[in-house]
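Listed here are the chains, written in short residue letters.
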Amino acid sequence: EIQVDPKNSFFCWHNKMLYTNDLSELVFCSNEKTDVTISMQTKIIRRSAFSHCHKLTSVTIPDTITEIGDFAFYKCTSLKSVIIPKNVSHIGRSAFERCSSLTCVFIKCDGVNIDKEAFTDCFSLCSFIIEGGIRELGENVFDGCKRLFNVTTPDGIVNIECINQILISQAKVSLEKLIGLQKIKKEVNDLFNYVKVSKQRKEKGLKSIPMSLHMVFTGNPGTGKTEVARIIAQRYKEIGILSKGHC
């Protein structure tokens, strides 16, 4: 167990959780906890605060919370369900990734930004209810959620594939937004048009010319290699070459 000096002016240990001294930010939770009620004074759940808390089965998040950090509940493999309260404006990258027992997510907040891979590989997730609205969805939010077929929104039930297509279409826009790289943009678009036609010919039993889709990106640091590779991975997913849009 973590011991915090009572004279420490920055942090305090409260109910087997490490907070900033005014309780406004939750920094860390003991991996021995099974049920957690976060302080009503807390506004931010910091990055990786509950990461790998394998025994955690339930968490009560108060309405005071405005931000759930990156990897906040990463690999909480026993967590069953979660209610995101009304004042949360941001759910960080991979916040609930690999919560393999998570079956239900209820989002009460309006205008939340859900960062990329927030619910990736939540294999048991079958109910995702949005009571308010979503301002922005990151990439690969629902990758690997094999049991999630629909998302319930204020406008009705939306098929998960429709949401995935919206996320995928963002990859093409992202490529066009990159400054310069006109030759690369043209080559990428030409490649995908060719691959789409080849895939359609194959599906109809027609001959198609085999080609390698492996790529090597070279260049000086800061020239956009990783960004272009990430976008191409998303485009590969769009046409069914990859099951996930990771790079």
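What counts as what
- Residues numbered from 1 in each chain as written.
- Predicted model: local features only at pLDDT ≥ 70, side-chain atom pairs only at ≥ 80, totals over all residues.
- Heavy atoms only, no water.
- Helix = DSSP H or I, 4+ residues; strand = E, 2+ residues; numbered from the N terminus.
- Buried < 20%, exposed > 50% of the residue type's maximum accessible area, 1.4 Å probe, protein only.
- Expected span 1.5 Å × (residues − 1).
- Core = buried A, V, L, I, M, F, W, Y, C linked by side-chain atoms within 4.5 Å.
- Contact = heavy atoms within 4.5 Å.
- Polar contact = N/O pair within 3.5 Å; in protein donor to acceptor, adjacent residues only side chain to side chain.

## Remarks on the environment of I44
Along the chain, the position of I44 falls in strand 5 (residues 44-45). I44 gets classed as partly exposed once you look at its relative accessible area, which sits at 24%.

## As for the environment of Q3
Looking at where Q3 falls in the secondary structure, it is placed in the segment before strand 1 (11-14). Relative accessible area serves as the criterion here: at 67%, Q3 is assigned to the exposed category. Sequence separation between Q3 and W13 is ten residues, and the spatial gap between their C-alpha atoms is 7.2 Å.

## Describing helix 2 (residues 182-203)
Its 22 residues give helix 2 an end-to-end C-alpha distance of 32 Å, which sits within 8% of 32 Å, the value for a rise of 1.5 Å per residue. When we look at burial in helix 2, the residues that qualify are K185, V188, N189, L191, F192, V195 and S198. Immediately downstream of helix 2, the backbone of G205 shows phi near 80 degrees, a positive value.

## Digging into unusual backbone geometry
Phi at S48 takes a positive value of approximately 60 degrees, unusual for a residue other than glycine. The exposure class assigned to S48 is partly exposed, which follows from its relative accessible area of 30%.

## Topic: the nonpolar core
Within soluble globular proteins, side chains that are nonpolar tend to cluster in buried spots. Counting 46 residues, the largest nonpolar core has F50, F73, F96, F119 and F128 as the members making the most contacts within it. Put simply, the parts of the chain that give this core at least two residues each are strand 2 (17-20), strand 3 (25-29), strand 8 (81-84), strand 10 (104-107), strand 11 (110-114) and strand 12 (127-130). For F119, the contacting residues outside a window of four places in its chain are F96, L102, V105, I114, F128, V141, F142, D143 and C145. In terms of nonpolar packing, the next biggest core, distinct from the first, is built from nine residues, L178, L191, F192 and V228 among them.

## Here's the deal with the side chain of S39
Within the element layout of this structure, S39 appears in the loop between strand 4 (35-37) and strand 5. A polar contact of 3.1 Å, which involves the side chain of S39, links it to the backbone nitrogen of Q41.

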